[in-house]
Amino acid sequence: MIEVRGLHFSYDGKEVLHNINLKISDGEFIAIMGENGAGKTTLIKHFNGLLKPSRGDVFVDGASTRNSSIAHLSRNVGLVFQNPDHQLFSETVFEEIAFSMRNFGYPEETIRKRVNFILETLDLSPYAEASPFMLSGGERKRVALASVLVFDPKHVILDEPTIGQDYQQKDKLRNFIVQMNAQGRTVVIVTHDVEFVVDCKPRIILLSRGSVIADDPYDEILSDNKLVERASLTAPQIGKLMWSLRDLDFDARILDIYSAKTVLEQRLEKIVPKTL
Amino acid sequence: MSLRLFEGFKFTYRTTFIHRMDPRPKFLIAMAIFALSLIFMNILVFLILFIGQLPLVYLSRSLRRWLNSVRGGAVLSALIFVMNFLTGSTLIFSLTMTMRFLVLVSAFSLFFMTTSPDDLGLVLEKARLPYELSFTFTTAVRLVPTMALEAQTIVDAQRSRGLELDRGNVLMRVKKYIPILIPLIVSAIRRSMELAEALESRAFGTVKNRQSLVTLKMKPSDYLVSLIAVAVLIVGIYIQLSIPIPNLDTGIKMPLLWGF
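Residues numbered from 1 in each chain as written. Chains lettered and ligands numbered in written order. Predicted model: local features only at pLDDT ≥ 70, side-chain atom pairs only at ≥ 80, totals over all residues. Heavy atoms only, no water.

Further remarks concern the environment of A:Tyr258. All names here are of chain A. Along the chain, Tyr-258 turns up in helix α11 (residues 257–271). In this structure Tyr-258 comes out as exposed when scored by relative accessible area, which is 63%. Along the chain, Tyr-258 and Ile-238 lie 20 residues apart, while their C-alpha atoms are 9.9 Å from each other. (Helix = DSSP H or I, 4+ residues; strand = E, 2+ residues; numbered from the N terminus. Buried < 20%, exposed > 50% of the residue type's maximum accessible area, 1.4 Å probe, protein only.)

And the structure:
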């Protein structure tokens, strides 16, 4: 469990996070959303001890991050940074992904198996011996993701995982993340991508100007126009459609395409009988 | 890895006398301190040069950031001290070299904290340096804080993958900086190529005879400060050549590493 109690964080004399309180249970799926500069990345950097609170506490599995090293916390809290170019340095993709496992002291045989598995899962096998610098932006992003997922952390935190991914890769990524979550791992994503969030159906923690302004299931938050506007987001396409049809008694909280299809089919059946 | 050093080299606009000064007298002050710190090899002189800068730091209202740069520089100073001491220099000599480095860090930190890159560019243009060169230099100065921030992000990303920079012997620790330096260099090269393309897309270098909206003009106070800087340098040279000053170190040995 990740627990944040009365967290304040100041940088250069300016308070970036004010009195954050939240609990993330094991196996939960969380999306942290909010406008640029809301403090999302600053908050997640507290989860693996990269930043220590100015006031308050962050506990990971019961232990305060103040008393644990980053290396120790990172073994259980895998943090994937937004820009893959901030971490790639090895000669081959295989070595890049194996780097973290070597740091954590895994035996070579385990490293080989795990790296090959993650290469396969994220469609990176053809590039195993290629230089990571020669890959496209989306591929580099997947290498960065693989380099953290490979050591199988209990809590996975992804900063803007969908940036630079095409639609098919985004779908594969979503399936992979949802599968990881179904296997019991806590997943925390920081994103502006509302369509991706709707597909993942997480609990949303909404930040604005360094404070939590809402903490609820995704459909409650993304169907609340005031909240969405306040956090500089936009409602998903289906949500906008349902909102525009609310005068015809459609539920504006329907955000995903499958629920919308069911509701629309039911309504159409009333107007146009199946026999026709 | 301490990145505080770079904070003290970042220009922040303030309405102080030092900030409003023409960049040329400020450059003269920095160069006078630089020259004096090369001419002398005396810890007392370096202490005077260091303490002598404090009123200027106070006047520029940049004490906190100046302290950051000195604290950041202290890490490298410690390395200079240890290397000199281990290679056979006396304690006082090692301290002298360390102090010399801090004097230089402090002087240039004060200059860059109070001089905008635009003003610096104007000075270089006034010195008839080709615009392309002065632009390259000022862009490099402007990018130092950005690169420092980027270096910090890279350190964070690698530490999140279990890299422990402060464990192991000296050789192992140095080796651990490879995952930091390679992304930083690659990113700098990528950035410079993108910047070059962006500049070319905006017709950089098309006009040969550039005109500037702002021109530098020395005020009487600027002339006075320049005069004082030159006078201090001349007096320093005179003292070094003709007046014996007490030296705490009696047994200077030739060092293998000269502090910079």
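Now for the interface of chain B and chain A. Contact residues are listed per partner, giving 21 residues for chain B and 25 residues for chain A. Counting the surface lost from both chain B and chain A, the interface buries some 2,000 Å², and carbon and sulfur atoms represent 57% of this. By the criterion of area lost to chain A, the three top residues of chain B are B:Ser160, B:Arg161 and B:Arg190, representing 36% of everything that side buries. Counting every contact that joins chain B to chain A gives three salt bridges. Taking the shortest distance from any N to any O, the salt bridge between A:Lys45 and B:Asp156 comes out at 3.4 Å. (Contact = heavy atoms within 4.5 Å. Buried area = accessible area lost by both parts, 1.4 Å probe. Salt bridge = Lys/Arg side-chain N within 4 Å of Asp/Glu carboxyl O.)

With that out of the way, let us pick up the sheet that holds strand β7 (residues 155–159) of chain A. Residue and element names in this part refer to chain A. One open sheet accounts for six strands, arranged β6-β7-β8-β3-β9-β10; its pairing is mixed. In the strand order of this sheet, the two ends are held by β6 (77–80) and β10 (211–217), each with one partner. If you compare each strand with its neighbour and ignore which way they point, the axes differ by 15° on average. Looking at chain direction, strand β3 (residues 29–34) and strand β8 (residues 186–190) are connected through four bridges and run parallel. If you follow Ala-31 over to β8, its bridge partner there is Ile-189. In this fold helix α5 (residues 137–149) packs onto β6 and β7, with an angle of close to 170° to the strand it touches most, β6. (Pairing = 2+ DSSP bridges. Axes fitted to C-alpha atoms, helices over the stretch in contact; angles between N-to-C directions.)

Here we take up the pairing of β10(A). All names here are of chain A. Two elements, strand β9 (residues 203–208) and β10, share six bridges in a ladder whose sense is antiparallel. Each bridged residue has a counterpart across the sheet, and for Ile-205 the counterpart in β10 is Asp-215. Here β9 folds back onto β10, and the loop between the two strands holds two residues, one of which, Arg-209, carries a positive phi near 50°.

Over the atoms, a rolled probe matching the size of one water molecule traces out where space is still vacant. All names here are of chain B. Scanning the entire structure with this criterion turns up two cavities of 30 Å³ or more. Volume-wise, the largest cavity comes out at about 90 Å³. Lining the largest cavity, in full, are Ile-18, Lys-26, Ile-29, Ala-30, Ile-33, Gln-53, Leu-56, Ala-107, Leu-110, Phe-111 and Thr-114. Elements with a minimum of two residues in the lining of the largest cavity: α3 (23–39) and α7 (91–114). Split into classes, the residues belonging to the lining of the largest cavity amount to eight nonpolar, two polar and one charged. (1 Å grid on protein atoms, 1.4 Å probe; cavity = no way out; pocket = protein on both sides within 12 Å on 5 of 7 lines; lining within 4 Å. Points joined across faces, edges and corners; volume = space filled by probe spheres on them. Nonpolar A, V, L, I, M, F, W, Y, C, P; charged D, E, K, R; others polar.)

What follows is about a nonpolar patch on the surface. Residue and element names in this part refer to chain B. A cluster of nonpolar side chains, contributed by Leu-44, Leu-47, Ile-51 and Leu-54, occupies part of the molecular surface with about 290 Å² of accessible area. Looking at the element boundaries, Leu-47 is found in helix α4 (residues 43–52). You can call Leu-47 partly exposed: its relative accessible area is 34%. (Patch = residues over 30% accessible without salt bridge, like charges linked within 9 Å, V, L, I, M, F, W, Y side chains within 5 Å. Areas by Shrake-Rupley, 256 points an atom, 1.4 Å probe, with all protein chains shown as cover.)

For the rest of this paragraph, the subject is unusual backbone geometry. Non-glycine residue A:Asp249 carries a positive phi angle of around 65°. Tracing the backbone shows A:Asp249 in the loop between α10 (237–244) and α11.

What follows covers the nonpolar core. Residue and element names in this part refer to chain A. Formed by 52 residues in total, the largest nonpolar core has its most connected members in Ile-97, Ile-204 and Leu-206. For this core, the element with the highest residue contribution is α5, accounting for six residues. If near-sequence neighbours (up to four positions away) are discounted, Ile-97 is found in contact with Val-115, Ile-118, Leu-119, Val-143, Ala-146, Ser-147 and Val-150. (Core = buried A, V, L, I, M, F, W, Y, C linked by side-chain atoms within 4.5 Å.)

This part is about the pattern of salt bridges. Residues and elements named next belong to chain A. Evaluated as defined, the whole model comprises 26 salt bridges over all chains. In this structure, Glu-109 and Arg-112 form a salt bridge, with 2.6 Å as the shortest nitrogen-oxygen distance. Of this pair, Glu-109 and Arg-112 are both found in helix α4 (residues 108–121), three residues apart, which corresponds to roughly one turn of the helix. For Arg-112, a relative accessible area of 38% gives the class partly exposed. For Arg-174, the salt bridge goes to Asp-171, with nearest N and O atoms at 3.3 Å. Taken as a pair, Arg-174 and Asp-171 lie in helix α6 (residues 167–182) at a separation of three residues, close to a single helical turn.

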